[in-house]
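# Descriptive structure summary
Chain by chain, the residues run as shown.
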Amino acid sequence: TDPDIGPLIRLVPEEASWIGGDMTLGLMSNVFIGNPASTFSGFIAKSRVAMGFGHNYLFMSKDGKGGYRPSCGDVCIFNSKVMGVMS
């Protein structure tokens, strides 16, 4: 895990997890790190942009220095060239 943010990550226990609660946590979190192949993550990212939240880390690229950088901004979730039929 990342030494800076790793200790700050909180996981919801499986027995307390449900789709509505997971959606709310994703929407209202300070930062959302989703999976670009997941329609659930895409829906959360779109909703966060629509509500004026940023910090959707769906599209990341290696920066050549051992780290990662955003490969496109938060609004690329609506770009049909990036998302295809899912935009």
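Rules behind the numbers
- Residues numbered from 1 in each chain as written.
- Predicted model: local features only at pLDDT ≥ 70, side-chain atom pairs only at ≥ 80, totals over all residues.
- Heavy atoms only, no water.
- Buried < 20%, exposed > 50% of the residue type's maximum accessible area, 1.4 Å probe, protein only.
- Helix = DSSP H or I, 4+ residues; strand = E, 2+ residues; numbered from the N terminus.
- Contact = heavy atoms within 4.5 Å.
- 1 Å grid on protein atoms, 1.4 Å probe; cavity = no way out; pocket = protein on both sides within 12 Å on 5 of 7 lines; lining within 4 Å.
- Points joined across faces, edges and corners; volume = space filled by probe spheres on them.
- Nonpolar A, V, L, I, M, F, W, Y, C, P; charged D, E, K, R; others polar.

### Brief notes about helix α1 (residues 19–28)
For α1, the set of buried residues is Gly21, Met23, Gly26 and Leu27. For α1, the elements touching its buried residues are α2 (39–50).

### Observations concerning the environment of Phe59
In this structure, Phe59 sits in the loop between α2 and β1 (60–62). A C-alpha to C-alpha distance of 11 Å links Phe59 and Val75, two positions 16 residues apart in sequence. In this view, Phe59 contacts Pro36, Arg69, Pro70, Ser71, Cys72, Cys76, Ile77, Val82 and Met83; residues no more than four positions away in its chain are not counted.

### Considering the layout of surface pockets
It is a probe the size of a water molecule, rolled over the atoms, that shows where empty space is left. Of the pockets and cavities examined, the largest pocket occupies roughly 740 Å³. Contributing to the lining of the largest pocket are 16 residues, with Ile9, Arg10, Ser29, Val31 and Ile33 lying nearest its centre. Counted by class, the lining of the largest pocket contains 10 nonpolar, four polar and two charged residues. Computed from the structure, the second largest pocket encloses a volume of approximately 180 Å³. Forming the walls of the second largest pocket are Asp2, Asp4, Ile5, Ile9, Ile33, Tyr57 and Met60. In terms of residue class, the lining of the second largest pocket is built from five nonpolar, no polar and two charged.

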